[in-house]
Amino acid sequence: MPRLPALAIFLLLTLTVQAEEAPTVRGGILDLSDWEFDQSQPVALNGDWEFYWQQHHGPADFLKLDTQSAETIAVPGPWNDQNIDSVTLPGEGFGTYRVNILIGQRFPLALKVPDVGTAHRLYIDGQEVLTAGFPGVDSAGTTPKYKPGIIQFLPARNRIEIIFQVSNFDHRQGGLWLPITLGTAEQISRLRDNQLARDLILFGAILIIGLYNLALFSLRTENRSSLYLGLFCLLLAVRQIMVGDRFMAQLAPNLPFSWYICIEYMGWYLAVSTFVEFLRTLFPKELHRLVVRIIHGIFLLGAAVTLLTPPALFTQLVPVYQLLTVAALIYGAATLTKATLRGREGAPILLFAYAFLFYTSISDILVNASIAGNILLLDLGLFVFVLSQSILISYRFTQSFKTIEAQRTQLEATNVKLRTQEKLRREAETESEALHKRIAQSEKMEAIGLLAGGVAHDLNNILSSTVTYPELALLDLPDSSPLIRPLKMTRQAGLRAAAVIQDLLTLARRGVVQREVVSLNDAVDEYLESVEHQLLIEDKPDLEIETDLEINLDLIEGSPVHLQKLIMNLISNAIDAQNGSGHIRVATHNEHTTSRELHYMPIEAGDYVVFTVEDEGSGIESDDLDKIFEPFYTTKVMGKSGTGLGMSVIWGVVYDHNGAIDVSSYPGRGTRFDVYFPITQQKPVPREPRQSIDSLIGNGEKILVVDDIEEQRLLTCDVLSRLGYEATACATGAEAVKILKQETFDLVLLDMVIDDGLDGLGTYRAIIEEQPGIRSILVSGFAETEQVIEAQSLGAGPFLRKPFTIEAIGSRIKQELSR
């Protein structure tokens with residue numbers, strides 16, 4: 001059944017929408033005197049433009065030139081192989097394009113200019129309005145650049161003159177190779193915004209699918225198909241912002257042309273090789289090993305040539321590699337057909353998605369070669385294919401988990417049977433069973449916590465770029481830049497993701513808890529006045545929340561962030577249990593207690609601050625009480641009322657604060673949670689005010705960055721350079737010690753999770769042995785609390801958690817350098 005709508009989409013995409021026939025340029029003139037822009041679509045300036053080969057003419061030159069005998073050339077399209085004055089044009093050279101447009105009424109218009117091969121200067125009505133690179137008359141005098149843009153102008157008269165001076169010495173093709181569109185400012189802006197939205201949506205979707213598959217691989221490393229599909233998606237995501245409207249040119253306007261085109265082409269070649277390896281992991285018996293090696297060799301050779309030669313040379317290989325790509329696609333289709341006939345699992349779905357991908361690939365090759373005039377569809381084909389693969393992989397994981405669940409259910413049934421057979425030892429067995437359940441619960445949460453902590457560490461490293469690079473970019477952008485809003489949204493999304501990951505670290509008890517002396521009353525008041533709480537209760541006018549906070553409440557020592565999460569989760573759960581009305585009591589008090597058993601754990605004798613949340617809701621069933629602190633266990637709708645981690649986070653916070661928690665619940669009458677925190681006699685330390693970026697600028701101090709992940713080293717060095725420090729990076733502890741033997745540094749930024757011989761703690765010991773007393777900051781996406789504490793006991797400085805902000809790393813460095 002799923003094939004029918006997919007087939008309909010396939011057929012619809014092959015149809016060309018018949019719009020109102022637009023006029024074309026003839027002999028360098030386009031007559032739009034009767035064209036109604038407000039009632040019609042924008043006009044593509046396609047047709048025969050005036051063309052002057054090996055000549056750069058400006059507006060003043062055309063006052064003296066005889067344009068009646070000018071040659072014409074088809075636009076859009078490269079000038080390669082065009083015949084001008086009986087001469088077949090090569091790819092390298094320079095020339096001038098000119099078109100005159102006749103209009104009826106004068107009103108503001110806009111011109112959408114795509115990338116041009118490969119440097120150009122644009123004049124409209126005698127005024128220079130756009131320059132991309134520098135169009136010269138030889139290779140040395142030409143600077144190539146991709147710079148798509150929109151030019152808004154008011155025609156000076158009813159005849160619009162458009163002149164392009166174009167030079168190309170850095171690509172196999174030159175000229176106006178893509179359509180240039182004229183319309184009203186609103187039409188052109190809408191056209192650009194729609195294309196940009198489509199590119200970014202596809203970029204985000206493919207990127208998320210790629211990260212999802214890499215996360216699956218991290219959970220089950222023997223399933224290498226997830227690894228190659230994830231890498232394939234990342235390559236496609238990079239390609240998505242490199243082509244089309246070339247969003248990357250806006251993000252990195254100073255990126256050299258040679259680097260830009262090198263990344264674009266290498267992404268293509270590596271994607272083909274990665275995709276073939278993905279197919280091999282799925283259907284190893286259907287792919288011939290020798291053919292796979294040949295494909296790898298050919299496309300890796302193409303990537304090497306692209307990396308080592310200039311664009312003018314390696315772009316000559318494009319037609320050859322287009323044919324080779326088609327050949328590889330055909331071989332892939334044959335492989336999937338064979339797998340389908342042999343009844344391999346998932347092969348029919350893959351074959352259908354692959355057929356769609358094959359169609360869009362051939363369509364794009366024909367469009368880029370100016371053989372067909374359809375729209376570019378490859379991005380959509382890749383997205384459909386990648387999505388289908390992810391669905392298939394998720395299905396296989398689901399089946400595996402169902403098998404495990406069935407085995408677990410069978411094991412539980414066997415245990416019940418064995419327990420019923422031991423009637424003679426029922427009393428002793430009952431006590432043993434209770435102890436066994438507690439140990440099993442603790443071990444289960446510890447195992448899930450370890451898994452969550454590992455994933456959180458990897459994701460925190462990935463999110464570092466999402467949080468910090470936008471912040472770096474925002475420092476250098478003017479207030480009027482259109483990129484400020486998307487960069488801020490990207491950074492905020494990264495911070496929100498980091499907050500979820502922090503929940504996982506709390507659950508895993510792998511986050512370093514930054515403790516300070518706090519008043520639990522202040523934490524409760526802060527949450528009840530927060531925007532999050534107000535949004536939670538704004539549509540519940542019949543809900544009453546009573547606060548009963550002891551005035552002379554003792555202080556406790558803990559993490560304000562974790563305490564806020566505990567308060568938020570308990571109160572929000574109580575609100576959910578009330579169904580929009582009723583009474584909730586939030587209270588604190590001091591209590592001296594003796595040693596006794598609570599519902600979940602024992603509590604030692606001593607003085608405690610007790611935090612209570614009591615509701616009159618539906619209560620918790622007795623069978624559920626033993627499961628409420630399990631990760632992802634919930635009686636709510638998963639995804640609609642949270643992540644399923646709230647109660648697990650509460651358990652982790654209580655554990656990290658050496659506290660205890662008790663629950664009493666009666667179905668239909670309500671639930672009460674009491675959380676016990678040991679008091680402290682220490683006095684609170686006033687919080688330091690936030691610092692400005694300017695106050696964090698250094699004085700050229702030398703900092704050694706030790707991190708085994710290259711992206712993290714580059715990111716950290718970029719931030720340090722922006723803050724005025726001299727940064728040096730290395731990947732291993734041994735390399736760091738070697739560098740310190742040759743050079744002196746003011747500070748070391750040390751990642752605590754290094755996957756090479758010496759771990760973070762071992763590296764720090766070796767560093768202080770080489771340079772005793774050197775200042776240091778410990779950094780990680782997650783680190784064992786004991787390792788950090790031990791390193792700090794040896795003299796290490798403060799801990800900095802990834803992903804970090806510029807303010808966070810800058811203030812830590814200032815703090816440590818002044819220590």
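Residues numbered from 1 in each chain as written. Predicted model: local features only at pLDDT ≥ 70, side-chain atom pairs only at ≥ 80, totals over all residues. Heavy atoms only, no water.

### Re the pairing of strand β7 (residues 93-103)
β7 sits mainly inside the fold: 10 of its 11 residues count as buried. Strand direction decides the pairing type here: strand β1 (residues 29-32) and β7, joined by 4 bridges, are parallel. Bridging from a neighbouring strand, Ile29 pairs with Asn100 of β7. Note: strand β3 (residues 47-53) against β7, 4 bridges, orientation antiparallel. Looking at β7, one finds that Tyr52 is bridged to Thr96. In this sheet, strand β12 (residues 159-168) lies alongside β7 in antiparallel orientation, the contact comprising 10 bridges. Within β12, the position partnered with Gly93 by the bridge is Asn168. (Buried < 20%, exposed > 50% of the residue type's maximum accessible area, 1.4 Å probe, protein only. Helix = DSSP H or I, 4+ residues; strand = E, 2+ residues; numbered from the N terminus. Pairing = 2+ DSSP bridges.)

### Some remarks on the pattern of salt bridges
With the rule as written, the count across this model stands at 24 salt bridges. A salt bridge links Glu614 to Arg585; the shortest N-O distance between them is 3.9 Å. With Glu614 in strand β20 (residues 606-615) and Arg585 in strand β17 (residues 581-593), this residue pair connects regions lying 29 residues apart in the sequence. Each member of the salt-bridge network shares a partner with another, and the members are Asp548, Arg585, Glu614, Arg672 and Asp674. (Salt bridge = Lys/Arg side-chain N within 4 Å of Asp/Glu carboxyl O.)

### Considering the environment of Asp138
Along the chain, Asp138 falls in the loop between β10 (127-132) and β11 (149-153). Taking the C-alpha atoms as reference points, Asp138 and Phe94, 44 residues apart in sequence, are found 8.1 Å from one another. Within polar-contact distance, the side chain of Asp138 engages the backbone nitrogen of Gly141 at 2.7 Å. (Polar contact = N/O pair within 3.5 Å; in protein donor to acceptor, adjacent residues only side chain to side chain.)

### Re the confidence of the model for the chain
Fine structural detail should not be taken from predicted coordinates in areas where pLDDT scores are low. Per-residue confidence for the chain gives a mean pLDDT of 81; residues scoring 70 or more make up 83%. In the predicted structure, residues 1-20 sits below a pLDDT of 50 and forms 15 contacts with residues beyond four places in sequence or in another chain. (pLDDT = per-residue confidence, 0-100. Contact = heavy atoms within 4.5 Å.)

### Some thoughts on the nonpolar core
Counting 54 residues, the largest nonpolar core has Phe275, Phe278 and Phe283 as its most contacted members. Within the residue set of this core, elements represented by two or more residues are α2 (185-219), α3 (224-240), α4 (247-251), α5 (257-282), α6 (289-308), α8 (318-341), α9 (347-368) and α10 (378-421). No other element matches the 14 residues that α5 contributes to this core. Ignoring sequence-local partners within four residues, the contact set of Phe275 consists of Phe232, Tyr354 and Phe385. Leu553, Ile571, Ala574 and Tyr600 belong to the second-largest nonpolar core, a separate cluster that totals 43 residues. (Core = buried A, V, L, I, M, F, W, Y, C linked by side-chain atoms within 4.5 Å.)

### Examining the pairing of strand β23 (residues 702-706)
Here β23 lies mainly inside the structure; 4 of its 5 residues are buried. Two elements, β23 and strand β24 (residues 726-730), share 5 bridges in a ladder whose sense is parallel. Within β24, the position partnered with Lys702 by the bridge is Glu726. Each parallel crossover has a hand, and the one from β23 via helix α18 (residues 710-722) to β24 is right-handed. Summarising the sheet, β23 and strand β25 (residues 747-751) pair through 4 bridges and their orientation is parallel. In the sheet register, Leu704 faces β25, and the bridge partner there is Val748. (Right-handed = clockwise from strand over helix to strand, strands pointing away.)

### A closer look at a negative patch on the surface
Together, Asp31, Asp34, Glu36 and Asp38 line one region of the surface with negative charge. Following the sequence through the fold, Asp34 ends up in the loop between β1 and β2 (43-44). Residue class for Asp34 comes out exposed when judged on its relative accessible area of 72%. (Patch = residues over 30% accessible without salt bridge, like charges linked within 9 Å, V, L, I, M, F, W, Y side chains within 5 Å. Areas by Shrake-Rupley, 256 points an atom, 1.4 Å probe, with all protein chains shown as cover. Lys, Arg positive; Asp, Glu negative; His and termini not counted. Charge placed at Lys NZ, Arg CZ, Asp CG, Glu CD.)

### Considering the sheet that holds strand β13 (residues 181-183)
The strand order across the open sheet formed by 4 strands is β2-β13-β8-β11, and the pairing between neighbours is antiparallel. Only two strands of the sheet have a single partner each, and these edge strands are β2 and β11. Sheet topology note: the strand β8 (residues 109-113)/β11 ladder contains 5 bridges and is antiparallel. Paired with Lys112 across the strands is Ile150, a residue of β11.

### Some thoughts on the side chain of Thr96
Positionally, Thr96 belongs in strand β7. A relative accessible area of 0% places Thr96 in the buried class. A polar contact of 2.6 Å, which involves the side chain of Thr96, links it to the backbone oxygen of Gln55. A polar atom in the side chain of Thr96 sits 2.9 Å from the backbone nitrogen of His57.

### Things to note about the environment of Asn46
With respect to the helices and strands, the residue Asn46 is situated in the loop between β2 and β3. Of the residues examined, Asn46 reaches a relative accessible area of 26% and is grouped as partly exposed. Between the C-alpha atom of Asn46 and that of Val75, which follows or precedes it by 29 residues, the distance is 5.3 Å. Residues in contact with Asn46, not counting those within four places in the same chain, are Thr24, Val25, Val75, Pro76 and Pro179.

### Considerations on empty space enclosed by the protein
Considering all chains together, one arrives at 2 cavities of 30 Å³ or more under this definition. When its volume is computed, the largest cavity comes out at roughly 70 Å³. Every residue lining the largest cavity is listed: Val705, Val706, Asp707, Thr716, Leu749, Leu750, Asp751, Val779, Lys802, Phe804 and Ile809. Of all the secondary structure elements, the ones that give two or more residues to the lining of the largest cavity are β23 and β25. In the lining of the largest cavity, the residues fall into 7 nonpolar, 1 polar and 3 charged. (1 Å grid on protein atoms, 1.4 Å probe; cavity = no way out; pocket = protein on both sides within 12 Å on 5 of 7 lines; lining within 4 Å. Points joined across faces, edges and corners; volume = space filled by probe spheres on them. Nonpolar A, V, L, I, M, F, W, Y, C, P; charged D, E, K, R; others polar.)

### Considering unusual backbone geometry
Across the junction of Val75 and Pro76, the peptide omega takes the value 5°, indicating a cis bond. Secondary-structure assignment places Pro76 in the loop between β4 (71-75) and β5 (83-84). Note that the residue after Lys802, namely Pro803, is joined by a cis bond; omega there is -5°. By the secondary structure assignment, Pro803 is in the loop between β27 (799-801) and α22 (806-817). With phi around 65°, Asp81 is a residue other than glycine that occupies positive phi space. Considering the arrangement of structural elements, one finds Asp81 in the loop between β4 and β5.

### Looking at the packing of aromatic side chains
Evaluated as defined, the whole model comprises 19 aromatic pairs. When the centroid spacing of 6.2 Å and the interplanar angle of 55° are considered together, the rings of Tyr265 and Trp268 count as tilted. Of this pair, Tyr265 and Trp268 both sit in helix α5, 3 residues apart, roughly one helical turn. On the accessibility criterion, Tyr265 (9% relative accessible area) is buried. Taken together, Trp49, Phe51, Trp53, Trp79, Tyr97 and Phe164 form an aromatic cluster joined through their ring pairs. It is Arg246 that lies over the ring of Tyr146; its NZ or CZ is 3.9 Å from the centre. Its guanidinium or amino end placed over the ring of Tyr666, Arg669 lies 4.8 Å from that ring's centre, counting from NZ or CZ. (Phe/Tyr/Trp six-rings, centres within 6.5 Å; stacked < 30°, edge-to-face > 60°. Lys NZ or Arg CZ within 6 Å of the ring centre and 35° of its normal.)

### Examining helix α13 (residues 520-528)
If you check which residues of α13 are buried, you get Leu520, Asn521, Ala523, Val524, Tyr527 and Leu528. Down the axis, α13 shows its buried residues gathered within 160° of arc, on one side only. (Arc of directions from axis to C-beta.)

### Observations concerning the environment of Thr118
Within the secondary structure, Thr118 sits in the loop between β8 and β9 (119-124). Classification of Thr118 by relative accessible area gives buried; the value is 0%. Sequence separation between Thr118 and Tyr146 is 28 residues, and the spatial gap between their C-alpha atoms is 6.9 Å.

### With respect to the sheet that holds β23
Taken together, 5 strands build an open sheet; the order of strands is β24-β23-β25-β26-β27 and the sheet is parallel. The sheet terminates laterally at β24 and β27, the two strands that pair on one side only. Going from strand to strand, the sheet's axes swing by 20° on average, the running direction of each strand aside. On top of the sheet, α18 reaches β23, β24 and β25; it is set at about 170° to β24, its chief contact. Against the sheet, helix α19 (residues 733-742) contacts β23 and β24, and its axis sits at roughly 160° relative to β23. (Axes fitted to C-alpha atoms, helices over the stretch in contact; angles between N-to-C directions.)

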